[in-house]
Amino acid sequence: MIAPPPVPHTDIAIVGAGFAGIGLAVRLQRSGRTDFTVFERASSVGGTWRDNTYPGVACDIPAHLYSLSFATNPEWSHVFAAGHEIRDYLERVTDEVRGCVRLNTPVLDMTWDEHRGLWMLTTPRGSHTARVLVLACGRLADPYIPVIDGLAGFTGEMFHSARWDHDVDLVGKRVAVVGSGASAVQLVPRVAELAEQVTVFQRSAPYVVPRADREYTDAERGLFAKDPQEIDRLRSQLFWAAEEGFAERAGDPTRTEAARERALTHLAASVADPRLRELLTPDYEVGCKRILISNDYYPAFERYGVNLVPSPIAAVDGGAAVGANGITHEVDVIVFATGFLAAEQPYAAHVRGRDETLAEHWAGGMRAYASTSVAGFPQMFVLDGPNAGLGHNSAVHMIESQIEFVMTALAAGRVLEVSPAAEKTWTERLDAAAEGTVWTAGGCESWYVDPRNGRLTLLWPGFAHAFRTALADATVLFSPAAGPDEAARVGDRAD
Amino acid sequence: MTEFVMLPGFGGAGDFDFVAPMLAREHTVSLVEATAPPATDTDTILVGYSLGAVLAAVQAAAHPVRGLVLICGWTQSTPRLVDWSIHAGDEAFARHTMVGPASDRTPLVRPELLALVGSLPVPELGAIACPTLVIGATYDLVATAHQSRLLYGGIAGSRYVELATGHAALAERPAEVLSLLTAFAAQPSVDPVAQR
Ligand SMILES: Cc1cc2nc3c(=O)[nH]c(=O)nc-3n(C[C@H](O)[C@H](O)[C@H](O)COP(=O)(O)OP(=O)(O)OC[C@H]3O[C@@H](n4cnc5c(N)ncnc54)[C@H](O)[C@@H]3O)c2cc1C
């Protein structure tokens, strides 16, 4: 009998190689830690920016802000960088830690071994143990396709916007685009340039405001390269300007009205046909869903061959897509720009803590202390998870706030676990803050809200700078002086 | 819940059109026109911007408050400032001299308030005893960051932080000012620079 090979051990296991996983890995490495491993199910890093290659994909927060503060990039070509630039950037950032990244390695199961005080990770390429588990699996990583009658029998080609099939030539085709959210707004104008006919199925009209994009000049890029502080200055300016956007969504009617005006003026200036304009006018409060930016989405509908169907796709019948009004549209290709599994993260079913899976723990909606630590899941952190998203500012800033929380907690060097009381207090405070806001009461159906219970679980209902302060304060829990009841106390005090 | 009293600058109440409603979500806020003396007590956090900062400093020297925030203020009207106020009736001139190099914002200026510059009282800085946050602006061509630093030097219990804006800090970076005010209200004695 040959003894089985020993299970390899890593001090810190990071699951996922997007902005969050790679960002944390670089921070760990630079702080002198080398014993960490990043597990990524796909064959390359980049997360969102590896998966989304649809025509027109780009960030809608300025790229200089939508990047890591500790790995800035003087080379951004435009204010809003194209998706491939962001992907290339993340590949370059990864170079610093590439030796610690395991590609093609989905983590299928993560189980806390109470007896040994370790996490057990199962992958198709073998098992691992780890002292600390970091879930950096993303929030918009698993495409969602609605259940549609007859879809399986569709005779044409179909794919999701985050799994774009570049082998399908759209030139001269009749294309249905299902959805009118952030991805659709970017891809519809590009598809309209190629296809013979585009039919957009719109469940609800988005608010769209002008996109102030421009190319950076050679002089600007040269200055960014020679003087990195210039990037820091720009980032600071962009950050605080973006923070003002929160006022439109919370509490300041003058600003809300101004935002609505900006969008409706943009619509009026872009679309002459009054009937079309009416169909493109949102029927909910501005800010309830992400406010989108585009200069070519509205004009696309004035092109010959571009149709707007003001309903979800109700059924598919052979080669036809059928709207809720019963009208059929013959199509060759269906593109699903229908978003992602957000409220119920697929990874949660595969994480087993002390007494239950994370999916069970989150049956009433995602929750965590400081958006990052979950009761009953010792030595575990979740990045970009519960209430860590944002509509008005950079997700990377939020992720970095969490990375700093993790770094501080790790430095404390003790068993890191929060009490149920701490998690509860934190969650109740957030639920109270979300009550009556535009996200829960704005009259829209958005992915920020868990449809099972109406809780706002994917969005932080505040300023990005307040998230950073709240998380910095929350690390008190991990200070050596903190007693067993500290968690509850911290939860009570934070505001 | 803190009670904020805010004294605006040349734009009048509009100077605080972002900060005031956002603060009012969790605190009580009253705005006082620069021409009227503010009603304050020892629970008040008194915030003054530009010429309002001078008046706030005068008030805090005579009537103790819980905390004082002086944004782009000055210790006394300099010849430079008086000259500027004479020319700032010209909208384009005011706009370009009030914002920093990277800003596209348009600050408010009410011409009748410009005339106050020459006749402002001079605050007795040594008499200000409360925790004070002085906010200067790197590209302030109007009052200058140096004047803010003199306020910092003259007020014993003061802290200093500098924003990368022109004199129109509230038009250029209202959210950053808000974050400083929120942090100050929570802990008036904490150094904002260390905290960042
Ligand atoms: C089209 C699009 C545009 C966007 N634009 C913006 C924008 O402009 N501004 C903004 O702030 N935000 C934007 N976002 C949100 C974006 O998702 C975040 O900004 C950010 O990229 C999230 O990074 P992440 O590392 O948390 O997750 P991801 O980038 O999703 O990375 C998660 C990684 O984990 C891997 N993974 C998941 N489960 C497992 C497992 N079990 N085992 C191994 N690996 C696993 C995935 O393969 C993936 O690589 C956009 C999102 C989309 C979809």
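Residues numbered from 1 in each chain as written. Chains lettered and ligands numbered in written order. Predicted model: local features only at pLDDT ≥ 70, side-chain atom pairs only at ≥ 80, totals over all residues. Heavy atoms only, no water.

S.K.: Quick question: what am I supposed to make of the sheet that holds strand β3 (residues 44-49) of chain B here?
M.R.: Strand pairing in a sheet relies on backbone hydrogen bonds, with the paired strands running either antiparallel or parallel. Residues and elements named next belong to chain B. Taking strand neighbours across the sheet as the criterion, the six strands line up as β2-β1-β3-β4-β5-β6 in an open arrangement whose pairing is parallel. Both edges of this open sheet fall to β2 (28-31) and β6 (158-163), since each of them pairs with a single strand only. Strand-to-strand twist across the sheet, computed as the mean angle between neighbouring axes with direction ignored, equals 15 degrees. The sheet contact formed by strand β1 (residues 3-7) and β2 spans four bridges and is parallel. By the bridge assignment for β2, F4 is matched with V29. (Pairing = 2+ DSSP bridges. Helix = DSSP H or I, 4+ residues; strand = E, 2+ residues; numbered from the N terminus. Axes fitted to C-alpha atoms, helices over the stretch in contact; angles between N-to-C directions.)

S.K.: When you look at the pattern of salt bridges in this model, what are you seeing that I'm missing?
M.R.: Working definition: two side chains of opposite charge can pair if their charged atoms are close together. Counting across every chain of the model gives 41 salt bridges over all chains. With its nearest N and O atoms 2.8 Å apart, the salt bridge here joins R139 of chain A to D384 of chain A. Of this pair, R139 of chain A sits in the loop between β6 (126-135) and β7 (157-160) while D384 of chain A sits in the loop between β18 (380-382) and α11 (395-412), and the two are 245 residues apart along the sequence. Each member of the pair R139 of chain A and D384 of chain A is classed as buried. When the shortest N-O distance is used, the salt bridge between E244 of chain A and R105 of chain B registers 3.1 Å. Taken together, the residues span two chains, with E244 of chain A in helix α6 (residues 228-249) and R105 of chain B in the loop between α4 (91-98) and α5 (111-114). (Salt bridge = Lys/Arg side-chain N within 4 Å of Asp/Glu carboxyl O. Buried < 20%, exposed > 50% of the residue type's maximum accessible area, 1.4 Å probe, protein only.)

S.K.: Explain the sheet that holds strand β9 (residues 197-201) of chain A to me, please; I cannot follow it from the model alone.
M.R.: All names here are of chain A. If you walk across this open sheet you meet the five strands as β7-β16-β8-β9-β12, and the pairing is parallel. The open sheet is flanked by β7 and β12 (306-309), the only strands paired with a single partner. With strand direction ignored, the average angle separating the axes of adjacent strands in the sheet is 15 degrees. Of the strand pairs in this sheet, strand β8 (residues 174-178) and strand β16 (residues 333-336) are connected by four bridges, and their pairing is parallel. Its bridge partner lying in β16, V178 is registered against F336. The strands that helix α4 (residues 182-194) touches are β8, β9, β12 and β16; relative to β8, the one it contacts most, it runs at about 175 degrees. (Contact = heavy atoms within 4.5 Å.)

S.K.: Can you walk me through the nonpolar core in this structure?
M.R.: For soluble globular proteins, the rule of thumb is that nonpolar side chains tend to be buried together. By size, the foremost hydrophobic cluster in this structure holds 190 residues, and its most contacted members are I14, F19 and V177 of chain A together with V19 of chain B. The element best represented in this core is α11 of chain A, accounting for nine residues. Looking at this core, you find at least three residues from each of domain 1 (9-142 + 341-493) and domain 2 (151-213 + 224-229 + 244-336) of chain A. Ignoring sequence-local partners within four residues, the contact set of V177 of chain A consists of A184, L187, V188, V198, T199, V200, F201, V335 and A337 of chain A. Judged by nonpolar contacts, the second largest core, of 26 residues, contains A342, Y347, V374 and F377 of chain A. (Core = buried A, V, L, I, M, F, W, Y, C linked by side-chain atoms within 4.5 Å. Domains from an automatic or database assignment.)

S.K.: Teacher, can you tell me more about the pairing of β3 of chain B here?
M.R.: Side chains on a regular strand alternate between the two faces of the sheet. All names here are of chain B. β3 sits mainly inside the fold: six of its six residues count as buried. Relative to strand β4 (residues 67-71), β3 runs parallel, the two sharing five bridges. Across the sheet, residue Y49 finds its bridge partner in β4, namely I71.

S.K.: It is not clear to me how α4 of chain B should be interpreted in this structure. Could you clarify?
M.R.: Side chains of residues three or four places apart in an α-helix project in the same direction, reflecting 3.6 residues per turn. All names here are of chain B. If you check which residues of α4 are buried, you get A94, T97 and M98. For α4, the angular spread of buried residues about the axis comes to 95 degrees, placing them on one side. Buried residues in α4 make contact with β3, α3 (79-87) and α7 (169-172). If you check the start of α4, you find a side-chain oxygen 3.0 Å away from the backbone N of A92, and it comes from D90. (Arc of directions from axis to C-beta. Polar contact = N/O pair within 3.5 Å; in protein donor to acceptor, adjacent residues only side chain to side chain.)

S.K.: Quick question: what am I supposed to make of the confidence of the model for chain A here?
M.R.: Should pLDDT be low for a region, the predicted coordinates there are not to be read in detail. Considering every residue of chain A, the mean pLDDT works out to 94; 97% of them sit at 70 or more. Across residues 485-495 of chain A, confidence stays below pLDDT 50; counting only partners more than four residues off in sequence or on other chains, it has 20 contacts. (pLDDT = per-residue confidence, 0-100.)

S.K.: Looking at this structure, I do not really get α4 of chain A. What am I missing?
M.R.: All names here are of chain A. Along its length, α4 reaches its greatest deviation from straightness, about 35 degrees, at V188, and the proline P189 lies no more than four positions downstream. Among the residues making up α4, those that are buried are S183, A184, V185, Q186, L187, V188, P189, V191 and A192. Tucked inside the fold, the buried residues of α4 contact β8, β9, β11 (292-293), α9 (297-300), β12 and β16. (Bend = angle between axes of the 7 residues up to and from the residue.)

S.K.: Quick question: what am I supposed to make of the interface of chain A and chain B here?
M.R.: Much of the literature gives interface size as the accessible area that the parts lose upon coming together. On the chain B side, the residues contacting the 15 residues of chain A number 17 residues. Summed over both partners, the interface of chain A with chain B buries about 1300 Å², with 58% contributed by carbon and sulfur atoms. It is Q237, W240 and E244 of chain A in chain A that bury the most area against chain B; as a group they hold 42% of the surface buried on that side. Across the chain A-chain B interface, the total number found is two salt bridges. A per-element tally of the side of chain A that touches chain B places α6 of chain A first, with nine residues. Here the side of chain A that touches chain B is composed, by residue class, of six nonpolar, four polar and five charged. (Buried area = accessible area lost by both parts, 1.4 Å probe. Nonpolar A, V, L, I, M, F, W, Y, C, P; charged D, E, K, R; others polar.)

S.K.: Even after reading the chapter, I still don't get the state of the cysteines, so can you show me in this structure?
M.R.: Residue and element names in this part refer to chain A. The final tally for this structure, using the stated rule, is one disulfide over all chains. Sulfur of C100: no disulfide; nearest cysteine sulfur belongs to C137 and is 18 Å away. Of the residues examined, C100 reaches a relative accessible area of 15% and is grouped as buried. (Disulfide = S-S within 2.5 Å.)

S.K.: Looking at this structure, I do not really get the environment of A115 of chain B. What am I missing?
M.R.: All names here are of chain B. Within the element layout of this structure, A115 appears in the loop between α5 and β5 (132-137). Here A115 falls in the exposed class, since its relative accessible area comes to 60%. Residues A115 and R66 lie 49 residues apart in sequence; the distance between their C-alpha atoms is 31 Å.

S.K.: How should I be thinking about the site of the ligand in this particular structure?
M.R.: Residues and elements named next belong to chain A. Among the 34 residues in the neighbourhood of the ligand, the closest are listed as E40, D60, Y66, D384 and A395. Here an oxygen atom of the ligand and a backbone polar atom of T48 are 2.8 Å apart. At a separation of 2.5 Å, an oxygen atom of the ligand approaches a polar side-chain atom of Y66. Out of a free accessible area of 990 Å², the ligand has 94% covered by protein chains. Secondary-structure elements contributing two or more residues to the shell around the ligand are α1 (19-30), α2 (48-51) and α11. (Near = heavy atom within 4 Å. Areas by Shrake-Rupley, 256 points an atom, 1.4 Å probe, with all protein chains shown as cover.)

S.K.: Is there a simple way to explain the packing of aromatic side chains in this structure?
M.R.: Aromatic rings in a pair are described by how distant their centres are and how their planes are angled relative to each other. Residues and elements named next belong to chain A. Counted by the stated rule, this structure contains 21 aromatic pairs over all chains. The interplanar angle of 40 degrees and the centroid separation of 6.2 Å between the aromatic rings of F19 and Y89 together place this pair among those described as tilted. Of this pair, F19 sits in helix α1 while Y89 sits in helix α3 (residues 83-94), and the two are 70 residues apart along the sequence. Y89 carries the same exposure label as F19, and that label is buried. With a centroid separation of 6.5 Å and an interplanar angle of 80 degrees, the aromatic rings of F381 and F405 are classed as edge-to-face. Of this pair, F381 sits in strand β18 while F405 sits in helix α11, and the two are 24 residues apart along the sequence. Grouping residues by exposure puts F381 and F405 together as buried. Members of the aromatic cluster, joined through ring pairs, are F19, W49, Y66, W76 and Y89. If you follow R429 out to its NZ or CZ, it ends over the ring of W426, 4.5 Å from the centre. (Phe/Tyr/Trp six-rings, centres within 6.5 Å; stacked < 30°, edge-to-face > 60°. Lys NZ or Arg CZ within 6 Å of the ring centre and 35° of its normal.)

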